[in-house]
Amino acid sequence: MESRRLVIRSYLRILGAFCLWITADAQMKIPPETVQQWASEFSVQLRELTVKYSGSLLLQKKLKDVESIVKIVELNGNHLVREYADEIERMLGSKMKSVKRLAESAEDSDLYHEYNATLEFDYYNSMLVNTVDEDGNYVDLGGEFPLEENEHFNNLPVNTLQSDIQVPTNVYNKDPNILNSIYNTEALNDVFISNFQKDPTLTWQYFGSSYGFFRIYPGIKWTPDSNGVVAFDCRNRNWYIQAATSPKDIIIMVDISGSMKGLKMTIAKHTINTILDTLGENDFVNVIAYTDYVRYVEPCFRGTLVQADLDNREHFKLLVEELHVKGEAKIKNAMKESFKILNEARVNGQGSMCNQAIMLITDGAMEDFESVFEEFNWPERRVRVFTYLIGREMTFAQNTKWIACNNKGYYTHISTLADVQENVMEYLHVLSRPMVINHDHDIIWTEAYMDSVLPNTDELFNTKAQSLLLMTSVAMPVFSKKKETLSHGILLGVVGTDIPLMEVMKLAPRYMLGAHGYAFLINNNGYILAHPDLRPLYKDGKKLKPKPNYNSVDLSEVEWEDIEEKLRTAMVKGETGSSTLSIRASADKGKRPLYLVNNYFYTDIDETPFSFGMVLTRGHGSVIFMGNVSVEEGLHDLTSPDLRIASEWTYCETDIDPDHRKYTQFQAVVRYLQGKEPDLECDEVLLQQTLFDAVVTAPVEAYWNALMLNDGVEPGVETAFLGTRSGLLRIMRYAGTEVRVAKKFLTLSDKDNLFTIDHFPLWYRLAVENTPGQFFYYPVNDKGVKYVVATTAVTVSSGGKTAMAGAVGLQMSLDLLEKRFWAIAKQPSDTDCSNVEGVCPLSCESPDLNCFLVDNNGFILLSKDRNEIGRFFGAVDGSIMASLIKMGMFKKVSLFDYQAMCKNSHHHSSSARPLFTPFYVMMALIRWFLSNALMFLLDFNFCGLWHSDYFVNAKAGYHTSHKQRKVDALQPCDTAYPGFMYDTSIRETNSLIKCGRCQKMFVVQQIPDSNLALVVTQASCDCSLKCNRMKSQKVRRRPESCHAYHPKEDATECGRASTLYTSLLAFTASLLISWTLPGWA
């Protein structure tokens, strides 16, 4: 009995101690009325500060004064989209005419040229020009070649009076065929120069020869890679391949039997990759490996063809690298499978619906295939078969050649890595025969691409808008017109020119589209050529690199609110029309959700595979105001020292006349208005609006200067600024560079906050989506440099309509806001606390309190801990953020990014579990106990946990079925992530959070006349815890022309063996290629 009493006493002691422990951490009561008073006082001070130093009221008053002389116009989207499309058509039509002149000249030169096997001819080799030997003499094929930097060609040193020749390292630069063809194309020099004179906006013009050399205008000095190799081969470029052939369906069959081990397999893999490099987004492909059974290298693609876009081609290359040899080769089943895929595609209207071919890569063909061809391909021979005999053995050469010759294909023998390039290219010449015999000069346009061949690419990556770094090429095939070779269908090469997409998109003036409006361009496959939300680059360490799938981003992956793909389908089909979508957009690098209603207008671009689209945001984006002032008055205010205009916009066309290229846009505008350059072509509407804005905003500049001279400026007020829809920007630096915290803000490198060809400034876009006159405050964390920006919109009204006239704002240091806020957020020690229920006096300086200023998207503007500024509040105190979301004060908005790059952390191991050792069982029990204990805590809600749903959920674009080179390598992926928006109808709230051994109180109070909320919380209670996309075939518009057959085609020329190059140069090239190809033993 006594022992039972002792046990009960012990339990009571433990229970008493537990109760004391609980009450020791009793919750603090924070008086809401005190927090409300702080919020009101800070609101008054904050507004007085921003209004005074920004001059916003003065600017709004000046706009009110001119309302009687302004006109507000509703934008007609249907009219504008057709107008801009016509401008684009005229521009692209000019490029097509230039290319046609080049093709005609090249064909005429060949027609009257007789081949000379002993021709000796010196030409300018682009790698050797201006190169001297040890004696100071110019080397052979070098010579003096004057070069001057030219702004029109990205400041590269060029020769605009002469083209020169680039020859790949693996091509002998004095081969008779090369010399004859170079001699033939000398006539292109005059046409290059004439084209450039007729159309000064032309960039690079070129001729790519079927023999491998590349004539480029203007002439340049070509730089080899670090190994001294020139790997660039024009025949591998998309513009060459698309112009030389029609769209095609390709099945690559590779022999992986035991006899293919070692060097043979290395050559086979290189052959596959080279074939893949010849394909484009209008082509379709699959890769089959075979031994005694058929194996798809990507099981996901079994029995089908997939589009040969960059993403899929690179995926195939990774899979091919993992192929291993084993077993015995049985070709027949693989051949049957390949024919079935191609036949089904043709019957079902899938794939390219044009050329079809099988590429057989093997070291020997011992079986009898005649029955397969009789069943699937004869007598029509719709499917061509190309054969590549790998290795030095010639035992099965006749069998392998027979396959190609009896199926309108071509046979080649590849014995070294150096043979691969030339031999793979042969199939393109065969596929081009019907087109050449017909003399069908189809003009082709390539998908968007980023040319990394020329120098200064890295500099361009860092200085230009990402989505407009891309270019497209227009190209046309060049044929032999000689009657004696007509049936052979001889392709001489391809001529073309590049068109930077930035120049195309400049034809849709940014000022007409408004703060959130934009223009975009897609091709017949639905892939984006230009779009402000296209991000083709990613950061790999400190270096910007193109994403693996940068030019195969579908419109539906950017305009993802187009759920039914009605917009995409209409544009791909080349229709003209309009539609409206309610969208969730975002600003500030995806952190700030915006609800917009967008009106889309679209039409096709004649004689191209492109469709042009334009977006006007409903409301302020659909109206524009027009003002009118005299040139003299406007010019006076335009030339004030604090004024800039958008340097990337086209106020005046400076690229037409070479004499005008030296002018910046601002210089060109001023000289035109002064009458010094009357020949400049300028946008009169934009100039008039810019002059009007300069006059209306001039008093604000005078006001800023008066503040500086008379009143002085409070320390921490650093920069005042304003911007208008015409791209005009005024800046007042209240603080000198030496004391200014935000030294980069509004400098030329601060692209996010300037008017660019891609977007309006961030502060402008945020201002126009909020109540005019009410300031929007947001924190900036620029690589550790932290400051605050305040911005508001100003409007103008006329005839019952209101238009956005611009935005005005202030940039401040954190020191200034902290000084003001902490002075308000504390009660003095002699405060009368008799009627206050809760802690009194209350102070944010107390270690028992945490105080935050949080903006409407949940980002911290002020905190005791400066490391928390700019961070999402939910990452700092997830329990309170979760409560605010449950209360409805913040709303979660789901956003998506289909262009993300994620770390690939998949570990490929056997799916079988290890044997159940005692240690494994023990660890499993421990894991079970911990996981169930955690679930127990969660069920009882001891802590308001910050749920993982509020963080990024990333999903890889495809489930990789192969090993990764690097576990942490970045790869394209789709991500879903949340944004948050504050419900302004809820002005205040407070609550208790039960958190285990303590309860935590918090009070949230809206800061009036702002987008901010004051959060005051108890500090002592811590509740926080720290394949299908590729396979799918969307609606696409096939190229209009197809040249798969011609009755006069001579298919008897169907193969040759490789020749061994005896030149030291070719031997060296082979060695270098083998050294530089990674992962090949």
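Residues numbered from 1 in each chain as written. Predicted model: local features only at pLDDT ≥ 70, side-chain atom pairs only at ≥ 80, totals over all residues. Heavy atoms only, no water.

**So, the overall build of the protein chain**
If you tally the helices and strands in the protein chain, you get 28 helices and 41 strands. Relative to its 1081 residues, the protein chain shows a buried fraction of 56%. Of the roughly 47200 Å² of accessible surface on the protein chain, 53% is carried by carbon and sulfur atoms. (Helix = DSSP H or I, 4+ residues; strand = E, 2+ residues; numbered from the N terminus. Buried < 20%, exposed > 50% of the residue type's maximum accessible area, 1.4 Å probe, protein only. Areas by Shrake-Rupley, 256 points an atom, 1.4 Å probe, with all protein chains shown as cover.)

**What to know about the pairing of strand β12 (residues 383-390)**
Look at any regular strand and the pattern is simple: side chains alternate between the two faces of the sheet. Judged by how many residues are buried, β12 sits mostly within the fold: 8 of 8 residues are covered. Of the two faces of β12, the one carrying Val383, Val385, Thr387 and Leu389 and the one carrying Arg384, Phe386, Tyr388 and Ile390 are both buried. Direction of pairing for strand β11 (residues 355-362) relative to β12: parallel, over a ladder of 7 bridges. The residue of β12 that forms the bridge with Ile358 is Val385. Handedness of the β-α-β unit built from β11, helix α11 (residues 370-376) and β12 comes out right-handed. Alignment of β12 against strand β13 (residues 411-414), held across 4 bridges, turns out to be parallel. Of the residues in β13, the one forming a bridge with Ile390 is Ile414. The β-α-β motif built from β12, the intervening helix α12 (residues 397-405) and the parallel element β13 has right-handed crossover chirality. (Pairing = 2+ DSSP bridges. Right-handed = clockwise from strand over helix to strand, strands pointing away.)

**Some words on the packing of helix α2 (residues 32-54) against helix α23 (residues 814-824)**
Two numbers describe how α2 lies on α23: the axes approach to 9 Å, and their chain directions differ by 150°. It follows that α2 is roughly antiparallel to α23 by the angle criterion. Crossing handedness for the pair α2 and α23: right-handed. For the pair α2 and α23, contact is made by Trp38, Glu41, Phe42, Gln45, Leu46 and Leu49 and by Leu816, Leu817, Arg820, Phe821 and Ile824, respectively. Considering only residue class, the contact of α2 with α23 consists of 8 nonpolar, 1 polar and 2 charged. (Axes fitted to C-alpha atoms, helices over the stretch in contact; angles between N-to-C directions. Parallel < 35°, antiparallel > 145°, perpendicular 65-115°, else oblique. Left-handed = near helix turned anticlockwise from the far one by under 90°. Contact = heavy atoms within 4.5 Å. Nonpolar A, V, L, I, M, F, W, Y, C, P; charged D, E, K, R; others polar.)

**Digging into the nonpolar core**
Formed by 214 residues in total, the largest nonpolar core has its most connected members in Leu521 and Phe612. A total of 12 residues in this core trace back to one element, the largest contributor, which is helix α4 (residues 77-111). (Core = buried A, V, L, I, M, F, W, Y, C linked by side-chain atoms within 4.5 Å.)

**Digging into the pattern of salt bridges**
Evaluated as defined, the whole model comprises 38 salt bridges. Between Lys61 and Asp65 there is a salt bridge whose closest N-O contact spans 3.4 Å. Residue Lys61 and its partner Asp65 are both found in helix α3 (residues 56-65); the two are separated by 4 residues, about one turn of the helix. Close ionic contact of Lys751 with Glu648 constitutes a salt bridge, the shortest N to O distance being 3.0 Å. Placement of Lys751 in the loop between β29 (729-733) and α22 (762-768) and of Glu648 in the loop between β25 (643-644) and β26 (652-653) is noted, with a sequence separation of 103 residues between them. (Salt bridge = Lys/Arg side-chain N within 4 Å of Asp/Glu carboxyl O.)

**A look at helix α13 (residues 417-438)**
Along α13, the largest kink reaches about 45° and is centred on Ser432; proline Pro434 follows within four residues of it. Counting buried positions over the 22 residues of α13 gives 21, a clear majority of the element. Where α13 terminates, the next one or two residues include His439, which has phi positive at roughly 55°. (Bend = angle between axes of the 7 residues up to and from the residue.)

**Structural notes on the packing of aromatic side chains**
The geometry of an aromatic ring pair is captured by two quantities: the separation of the ring centres and the angle between the planes. For the structure shown, the criterion picks out 46 aromatic pairs. Ring centres 6.2 Å apart and planes at 70° place the aromatic pair Trp239 and Tyr240 in the edge-to-face group. Here Trp239 falls in the buried class, since its relative accessible area comes to 5%. A relative accessible area of 1% places Tyr240 in the buried class. Taking 5.7 Å as the distance between ring centres and 70° as the angle between the ring planes, the aromatic pair formed by Phe386 and Tyr427 counts as edge-to-face. You can see Phe386 sitting in strand β12 and its partner Tyr427 sitting in helix α13, a full 41 residues away along the chain. Using a relative accessible area of 1% as the deciding quantity, one classes Phe386 as buried. By way of ring pairs, the aromatic residues Trp649, Tyr651, Phe721, Phe745, Phe755, Phe760, Trp763, Tyr764 and Tyr787 are connected into one cluster. The ring of Phe859 is capped by Lys591, whose NZ or CZ atom sits 5.1 Å from the centre of that ring. (Phe/Tyr/Trp six-rings, centres within 6.5 Å; stacked < 30°, edge-to-face > 60°. Lys NZ or Arg CZ within 6 Å of the ring centre and 35° of its normal.)

**Observations concerning the state of the cysteines**
All told, the structure shown has 6 disulfides when counted by the stated rule. The disulfide that involves Cys652 links it to Cys682, with 2.0 Å between the sulfurs. On the sign convention where negative means left-handed, the S-S torsion of about 105° between Cys652 and Cys682 marks this disulfide as right-handed. Of this pair, Cys652 sits in strand β26 while Cys682 sits in strand β27 (residues 681-682), placing them 30 residues apart in sequence. For the pair Cys652 and Cys682, a shared accessibility class is recorded, and that class is buried. Here Cys833 is linked by a disulfide to Cys840, with a sulfur-sulfur distance of 2.0 Å. (Disulfide = S-S within 2.5 Å.)

**Digging into α23**
Counted residue by residue, α23 has 8 buried out of 11 residues, so it is predominantly covered. Turning to α23, its buried residues are Leu814, Leu816, Leu817, Glu818, Arg820, Phe821, Trp822 and Ile824.

**Considering the sheet that holds strand β28 (residues 717-724)**
Two modes of strand pairing occur in sheets, parallel and antiparallel, and in both the strands are linked by backbone hydrogen bonds. Strand order in the open sheet made by the 6 strands is β25-β29-β28-β32-β31-β30, with antiparallel pairing throughout. Pairing within the sheet leaves two strands with one partner each, and these edge strands are β25 and β30 (776-782). Relative to strand β32 (residues 801-813), β28 runs antiparallel, the two being bridged by 7 bridges. By the bridge assignment for β32, Thr719 is matched with Gln811.

**Some details on the packing of helix α19 (residues 631-638) against helix α20 (residues 665-673)**
Between α19 and α20, the shortest axis-to-axis distance is 11 Å and the interhelical angle comes to 150°. Here α19 is positioned roughly antiparallel relative to α20, judged by the angle of their axes. Where α19 crosses over α20, the two elements pack in a sense that is left-handed. For the pair α19 and α20, contact is made by Val631, Leu635 and Leu638 and by Phe666, Val669, Val670 and Leu673, respectively. Its residues placed into classes, the contact of α19 with α20 shows 7 nonpolar, no polar and no charged.

**Looking at unusual backbone geometry**
A negative phi holds for most residues other than glycine; trans holds for most peptide bonds. Here the residue pair Tyr217 and Pro218 is connected by a cis peptide bond, since its omega of -5° sits within 30 degrees of zero. Inspection of the secondary structure assignment puts Pro218 in the loop between β6 (214-217) and α7 (238-244). Between Trp378 and Pro379 the backbone carries a cis peptide bond, its omega angle lying at 0°. With respect to the secondary-structure elements, Pro379 resides in the loop between α11 and β12. Of note in the backbone geometry, His439 takes a positive phi value of approximately 55° without being a glycine. Looking at the secondary structure, you find His439 in the loop between α13 and β14 (444-445). For His439, a relative accessible area of 25% corresponds to the partly exposed category.

**A short note on the sheet that holds strand β17 (residues 518-522)**
Strand order in the open sheet made by the 5 strands is β18-β17-β23-β22-β21, with antiparallel pairing throughout. One side of each edge strand has no neighbouring strand; the edge strands of this open sheet are β18 (528-530) and β21 (577-587). Across this sheet, the average inter-strand angle for adjacent strands is 35°, counted without regard to direction. As paired strands, β21 and strand β22 (residues 592-604) are joined by 11 bridges and run antiparallel to one another. Each residue of the ladder has a partner; that of Ser582, found in β22, is Val597. Across the face of the sheet, α4 comes into contact with β21, β22 and β23 (611-617) while running at roughly 60° to β22.

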